[in-house]
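If you want the building blocks of each chain, they are given just below.
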Amino acid sequence: MKLQKIVLTAFAPILLTSASLAFAQFQKPEDAIKYRQSVYTVMGNSFTKIGAVVKGEAPYNKDEVAKNAAIVAMMSSLPWQAFGPGTEGGKAQSDIWSDGAKFKAAQDKMQLAVANLNTAAQSGDLESIKKAFGAAGQTCKGCHDDFRKK
Ligand code: ASC
């Protein structure tokens, strides 16, 4: 084995660990705020497009809804790493940091609901999409009521 390869193999776990830590870290609180708000902007954009179909304001196109539901589901795991200690600000209420367990429960609920929406969207059954969309929207609203400044 070449020395380079041995060294890389030996340090791979450390490199991977520091890479995943770096992924969750931000230089300044404003960077974390901008990151989480950006994620919500992208999620909201796709969610609203599905909403237009559900409300009958836009025609149902299976591939479009499936694409947007996949975007929402994928993005739903991202905001939370940007609510670390010392990143208070934006529209975030202080309860996020003082009642972390409640905030975590709300995150899990939303992630489950948008995963269900994605499953329905990939299946292409508009009735189940409508149901799952309503349930997902409730989890958005619940979290806003409890944790977002008005
Ligand atoms: C959206 C959006 C939200 C949610 C919420 C659902 O499209 O931007 O924040 O839906 O309004 O209740």
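Everything below is about the structure printed above this text.
Residues numbered from 1 in each chain as written. Predicted model: local features only at pLDDT ≥ 70, side-chain atom pairs only at ≥ 80, totals over all residues. Heavy atoms only, no water.

Novice: A description of the state of the cysteines should follow, citing residues and the corresponding values.
Specialist: Inspection of every chain in the model, using the stated rule, returns 0 disulfides. Of the cysteine sulfurs around cysteine 140, a residue in no disulfide, the closest is that of cysteine 143, at 8.6 Å. (Disulfide = S-S within 2.5 Å.)

Novice: I'd like a description of the packing of aromatic side chains, backed by residues and values.
Specialist: Applying the stated criterion across every chain yields a total of 8 aromatic pairs. On the basis of an interplanar angle of 15° and a centroid distance of 4.3 Å, the ring pair of phenylalanine 47 and phenylalanine 133 is categorised as stacked. Of this pair, phenylalanine 47 sits in helix α2 (residues 29-54) while phenylalanine 133 sits in helix α6 (residues 126-147); the two residues are 86 residues apart in sequence, bridging distant segments of the chain. Classification of phenylalanine 133 by relative accessible area gives buried; the value is 12%. Pairing phenylalanine 83 with phenylalanine 103 gives two aromatic rings, centres 5.1 Å apart and planes at 70°, and the pair type is edge-to-face. Of this pair, phenylalanine 83 sits in the loop between α3 (62-75) and α4 (95-98) while phenylalanine 103 sits in helix α5 (residues 100-123), and the two are 20 residues apart along the sequence. Here a set of aromatic residues connected by ring pairs shows up, and it is made of Tyr40, Trp80, Phe83, Trp97, Phe103 and Phe147. (Phe/Tyr/Trp six-rings, centres within 6.5 Å; stacked < 30°, edge-to-face > 60°. Helix = DSSP H or I, 4+ residues; strand = E, 2+ residues; numbered from the N terminus. Buried < 20%, exposed > 50% of the residue type's maximum accessible area, 1.4 Å probe, protein only.)

Novice: Go over the site of the ligand, please, and point to the residues and values.
Specialist: Within the structure, the ligand sits among Gly44, Phe47, Thr48, Gly137, Cys140, Lys141 and His144. Between the ligand and threonine 48, the relevant distance is 2.9 Å, taken from an oxygen atom to a side-chain nitrogen or oxygen of the residue. Glycine 137 is positioned with one of its backbone polar atoms (N or O) 3.1 Å from an oxygen atom of the ligand. For the ligand, whose unbound accessible area comes to 310 Å², protein coverage reaches 59%. Every element with two or more residues in the shell around the ligand is listed here: α2 and α6. With 4 residues, α6 is the single largest residue contributor to the shell around the ligand. Considered class by class, the residues forming the shell around the ligand number 2 nonpolar, 4 polar and 1 charged. (Near = heavy atom within 4 Å. Polar contact = N/O pair within 3.5 Å; in protein donor to acceptor, adjacent residues only side chain to side chain. Areas by Shrake-Rupley, 256 points an atom, 1.4 Å probe, with all protein chains shown as cover. Nonpolar A, V, L, I, M, F, W, Y, C, P; charged D, E, K, R; others polar.)

Novice: Give a detailed account of the pattern of salt bridges, specifying residues and quantitative values.
Specialist: The final tally for this structure, using the stated rule, is 6 salt bridges. Between glutamate 64 and lysine 67 there is a salt bridge; the shortest N-O distance is 3.6 Å. Placement of both glutamate 64 and lysine 67 in helix α3 is noted, with a separation of 3 residues, approximately one turn of the helix. Here aspartate 108 makes a salt bridge to lysine 104, at a shortest N to O gap of 2.9 Å. Of this pair, aspartate 108 and lysine 104 both sit in helix α5, 4 residues apart, which is roughly one turn of the helix. (Salt bridge = Lys/Arg side-chain N within 4 Å of Asp/Glu carboxyl O.)

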